[in-house]
Amino acid sequence: MTNRPTGENSSRRSFLRATGAVGLGVAALGTAGVPQAAADGLTDGQPAAGTRPPVRTGTGLDRLPHPLVIGHRGASGYRPEHTLGSYELALELGADVIEQDLVPTKDGQLVVRHENNIAETTDVADHPGFAARRTTRTVDGVTLTGWFTEDFTLAELRTLRAKERLPQQRQRNTLYDGRWPIPTFREVTEFAARRSRTLGREVWLYVETKHPSYFRSIGLPLEERLADELRRAGLAGRQGRAILQSFEPSSLQRLAKLVGNPRVQLLGGATTRPYDFVLANDPRTVADLVTPDGLRWLAGFSHGIGPTTELIAPTDPATGKLTTPTTLVADAHRAGLVLHPYTVRNENGFLPADFRRGTDPAAYGDSISWAKRLYELGVDGFFTDNSDTTVLARGDFWASRGVS
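Worth saying up front: this structure is predicted, and the values here are computed from it rather than measured. (Residues numbered from 1 in each chain as written. Predicted model: local features only at pLDDT ≥ 70, side-chain atom pairs only at ≥ 80, totals over all residues. Heavy atoms only, no water.)

1. Thoughts on the packing of helix α13 (residues 367-376) against helix α14 (residues 387-400)
Geometrically, a packed helix pair is captured by the angle between its two axes and the distance between the axes. Axis separation between α13 and α14 bottoms out at 8 Å; the angle between their running directions is 50°. Classified by the interaxial angle, the pair formed by α13 and α14 is oblique. For the element pair α13 and α14, the recorded crossing hand is right-handed. Contacts between α13 and α14 involve S367, I368, A371, K372, Y375 and E376 from the first element and T389, T390, L392, A393, R394, D396, F397 and S400 from the second. Looking at the contact of α13 with α14 residue by residue, the class counts come to 6 nonpolar, 4 polar and 4 charged. (Axes fitted to C-alpha atoms, helices over the stretch in contact; angles between N-to-C directions. Helix = DSSP H or I, 4+ residues; strand = E, 2+ residues; numbered from the N terminus. Parallel < 35°, antiparallel > 145°, perpendicular 65-115°, else oblique. Left-handed = near helix turned anticlockwise from the far one by under 90°. Contact = heavy atoms within 4.5 Å. Nonpolar A, V, L, I, M, F, W, Y, C, P; charged D, E, K, R; others polar.)

If you want it as structure tokens, here you go:
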């Protein structure tokens, strides 16, 4: 692996100028975005001040830059999420890692969608031949109406095209509606391998098992299929380029027995319960899991946590302004866990009130300052819809720590 900048070329400079990313420096030019001090820390095994995590996981995570820029479903602030176009742009804008959510097809193939209900993310409603497949399902206790991947073969899904999920907030993204198909996970692994060669650095994947208990209950378990695909692509184990994540602890525990990849436990709101806990009548909530005892339990089968930003930097429900940070960062680090919270976005509607500009929820606020604040709180990276602004925030953070 090389973590040093590989230089610029004219075609990539033209691309960055066209996408508005020119001026971001080498971090946006397809390298891992690592300053020289960080690169030295990665190559000689000695942590460079301000560039390495406070804990060493003993996994492939230790090969990655610190803190991380994780492309949330790609560059979903600019392109329809979970498309090869979204992943391509995230890498060009400086993401170290790109994220996939996995759901199965009727014939057991893994495809990449945020949810198995594809009503909002594809043009399935425009296909008269599939009208009769619109149905109502209960998934993880929630009643949903739409079209579901488990009712389609892969060949049928191939006839659909992706579209923007949040057209009211991201009207410009609708320009790309219909441009890209739904990718299979295998296609994403092949894409990452190609881009690793052309970028001159390892392109990592951050893979989530979606609704694993639900899919296991209908005979389409995710974990074994995912492990098979990782092995096929040469991504399995500590030397692979894939981080595994889930909201259900039992899914991570199952994956731990199948492959040696680093694992991250996702955590929702404090009062919520993982759905496998609901099924097992386990009364613990997320609030229980983020206590020191809960974190020690999580550390028994995971290497990190992916909490909501609210669990780290809560906001006042009445004003939306930030209140006193919690102790979660320090507590998790003491338990030997890294933290990758979610999700940083540019739009006012997704920002704490402290960083909003104006009253239009779809307008951009000061997301760079918000991202830098999270880095200052000690997180080890986070999921972002806008890799370019997060790269700038990380550069500001590094500069404030004297890292060049």
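So, next bit.
2. Points about the confidence of the model for the chain
Any segment with low pLDDT has predicted coordinates that should not be analysed in fine detail. Of all residues in the chain, 87% have pLDDT values of 70 or greater, and the mean over the chain is 89. Here residues 36-49 is modelled with pLDDT under 50, and outside its nearest four sequence neighbours on either side it reaches 23 contacts, counting other chains as well. (pLDDT = per-residue confidence, 0-100.)

3. Let's talk about the side chain of R113
The residue R113 is located in the loop between β3 (110-112) and β4 (135-139) in this model. We note that R113 is buried and unpaired, the nearest opposite charge coming from E81 at a distance of 6.0 Å. Separated by 3.1 Å, the side chain of R113 and the backbone oxygen of T121 make a polar contact. (Buried < 20%, exposed > 50% of the residue type's maximum accessible area, 1.4 Å probe, protein only. Lys, Arg positive; Asp, Glu negative; His and termini not counted. Salt bridge = Lys/Arg side-chain N within 4 Å of Asp/Glu carboxyl O. Polar contact = N/O pair within 3.5 Å; in protein donor to acceptor, adjacent residues only side chain to side chain.)

4. Some remarks on the packing of aromatic side chains
This structure, assessed with the given rule, holds 10 aromatic pairs. Relative to F301, the ring of W297 has its centre 5.0 Å away and its plane inclined at 80°; by these criteria the two rings are edge-to-face. The class of W297 is partly exposed, set by a relative accessible area of 30%. Look at F355 and W370: their rings are 5.7 Å apart centre to centre, the planes differ by 35°, and that puts the pair in the tilted class. Taken as a pair, F355 in the loop between β10 (338-339) and α13 and W370 in helix α13 lie far apart in primary sequence, 15 residues in all. On the accessibility criterion, F355 (14% relative accessible area) is buried. Positioned above the aromatic ring of W180 is the side chain of R179, whose terminal nitrogen or guanidinium carbon lies 5.9 Å from the ring centre. The ring of W297 carries R284 above its face, with NZ or CZ at 4.1 Å from the centroid. (Phe/Tyr/Trp six-rings, centres within 6.5 Å; stacked < 30°, edge-to-face > 60°. Lys NZ or Arg CZ within 6 Å of the ring centre and 35° of its normal.)

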